[in-house]
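Each chain, written out:
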Amino acid sequence: MDYIGRFAPSPTGKLHFGSLLAALSSYLDAKKNNGKWFLRIEDIDKKREMKGASENIISTLETFGFEWDGRILYQSQRLEIYQSYLDDLLSLKLIYPCGCSRKEIADSGNPHGIEGAVYLGTCRNGQKKTEKNPSWRIRVDEKPIRYIDKIQGPQEQILSRDIGDFVLKRADNVFSYQLAVTIDDDDQGITNIVRGADLIDSTPRQIFIQNTLGLATPSYAHIPVATNIFGEKLSKQTLAQSLNVDNPTLHLWQAFKFLGQNVDPELTHSDLNTFWQFAIESWEINQVPKSRSMPC
Ligand code: GLU
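Residues numbered from 1 in each chain as written. Predicted model: local features only at pLDDT ≥ 70, side-chain atom pairs only at ≥ 80, totals over all residues. Heavy atoms only, no water.

A. Layout of the environment of Ala23. Within the element layout of this structure, Ala23 appears in helix α1 (residues 17-32). Setting aside residues no more than four positions away along its own chain, Ala23 makes contact with Phe7, Trp37, Leu61 and Phe66. (Helix = DSSP H or I, 4+ residues; strand = E, 2+ residues; numbered from the N terminus. Contact = heavy atoms within 4.5 Å.)

B. Structural view of unusual backbone geometry. Positive phi values are uncommon outside glycine, yet Asn34 reaches one of about 50 degrees. Note on placement: Asn34 falls in the loop between α1 and β2 (36-41). Asn34 sits in the exposed class, given a relative accessible area of 72%. Here Asn173, not a glycine, exhibits a phi torsion of approximately 70 degrees, which is positive. Turning to its location among the elements, Asn173 is positioned in the loop between β10 (166-169) and α6 (177-187). (Buried < 20%, exposed > 50% of the residue type's maximum accessible area, 1.4 Å probe, protein only.)

C. Examining the nonpolar core more closely. Judged by nonpolar contacts, the single largest core of 40 residues is most densely connected at Leu24, Leu61 and Phe66. The set of elements that each furnish at least two residues to this core consists of α1, β2, α2 (53-63), β12 (219-223), α8 (248-258) and α9 (272-282). Looking at which element gives the most residues to this core, the answer is α1, with nine residues. When near neighbours in sequence (up to four residues on either side) are disregarded, Phe66 contacts Leu20, Ala23, Leu24, Tyr27, Trp37, Leu61, Leu252 and Trp276. Counting residues in hydrophobic clusters, the runner-up holds 27 residues, among them Ile145, Ile193, Phe208 and Tyr220. (Core = buried A, V, L, I, M, F, W, Y, C linked by side-chain atoms within 4.5 Å.)

D. The pattern of salt bridges, seen in detail. The tally for this structure, following the rule as stated, stands at 15 salt bridges. Glu42 is the partner of Arg40 in a salt bridge, and the nearest nitrogen-oxygen pair spans 2.9 Å. Here Glu42 falls in the buried class, since its relative accessible area comes to 8%. We note a salt bridge from Glu49 to Lys46, for which the minimum N-O separation is 2.8 Å. Look at Glu49 and you get partly exposed, because its relative accessible area is 26%. When salt bridges with common partners are traced through the structure, they connect Arg6, Arg40, Glu42 and Asp185 into a single cluster. (Salt bridge = Lys/Arg side-chain N within 4 Å of Asp/Glu carboxyl O.)

E. Representation of α2 within the structure. Within α2, the full set of buried residues consists of Ala53, Ser54, Asn56, Ile57, Ile58, Thr60 and Leu61. Just past α2, the residue Gly65 takes up positive phi, approximately 95 degrees.

F. Looking closely at the sheet that holds strand β1 (residues 4-7). Spatially, three strands are ordered β1-β2-β3 in an open sheet, and the strand pairing comes out parallel. Lying at the two open borders of the sheet, with one neighbouring strand each, are β1 and β3 (73-74). Relative to β3, β2 is paired through two bridges, and the arrangement is parallel. Note that in β3 the partner of Arg40 across the bridge is Leu73. In the packing of α2 onto the sheet, the strands contacted are β1, β2 and β3, and the crossing angle to β2 comes to about 155 degrees. (Pairing = 2+ DSSP bridges. Axes fitted to C-alpha atoms, helices over the stretch in contact; angles between N-to-C directions.)

Okay, here's the thing in structure tokens:
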């Protein structure tokens, strides 16, 4: 099967070291396998978007020498497609409207799962508060979801125990990350997903949606997440420094090393072309460590 990979940043901030790791690892794995690599801007949640972030991410990737295939996909232009999948799920009675607020769920006393209190399906048989615009949840079951992550090894979740029925469309009418990413990965024919381990808990929900809609499941590899000195994931909120576009090769070598790859010290002051040639040829996904406490 032909390899198709992707990088799917949310434009909530500029490209930083953490997002560079996801871009680089997905790119090298695609190139090493003579595959395609797509760029998708996950700009579905306009409230979280930072003005100018999409343009910054795209131009930084260009400066760093990334070359994507085809045109860039913008989630904000695909709302009708997400809605049509949601309508299919509704006609199959697999989703239902829910009037519970986040606070009500948090205060419900329900058992704690992976992301706080598990949603045990309060509105499954009728929405509690009809006057409120509902969110839409999918019914999950007790069947374990298992897959083998290429970096993190065997994974298993039981959605009814660990998460509960989860949201596909929020009460403010924004489609959830879980739904949009699953549909887009399928529509773009993605065969291999390489992304940050901060998303590993989401993968079973995406596999559940794939199974429900009869979509193929790609292979998954979750790279270690870069943290700051306080052990927090690098993000706009934790004030990750944006990358210095005047010195792309330095950042690329640092990221390559962080990913457990062998660096040739003689080449670390080389130009971009030398980096890419060396990195694509010598990339070994099996060398990526499961976790790393600090960026080097
Ligand atoms: N848009 C997500 C993020 O920036 C990543 C989505 C994915 O790779 O599945 O965190």
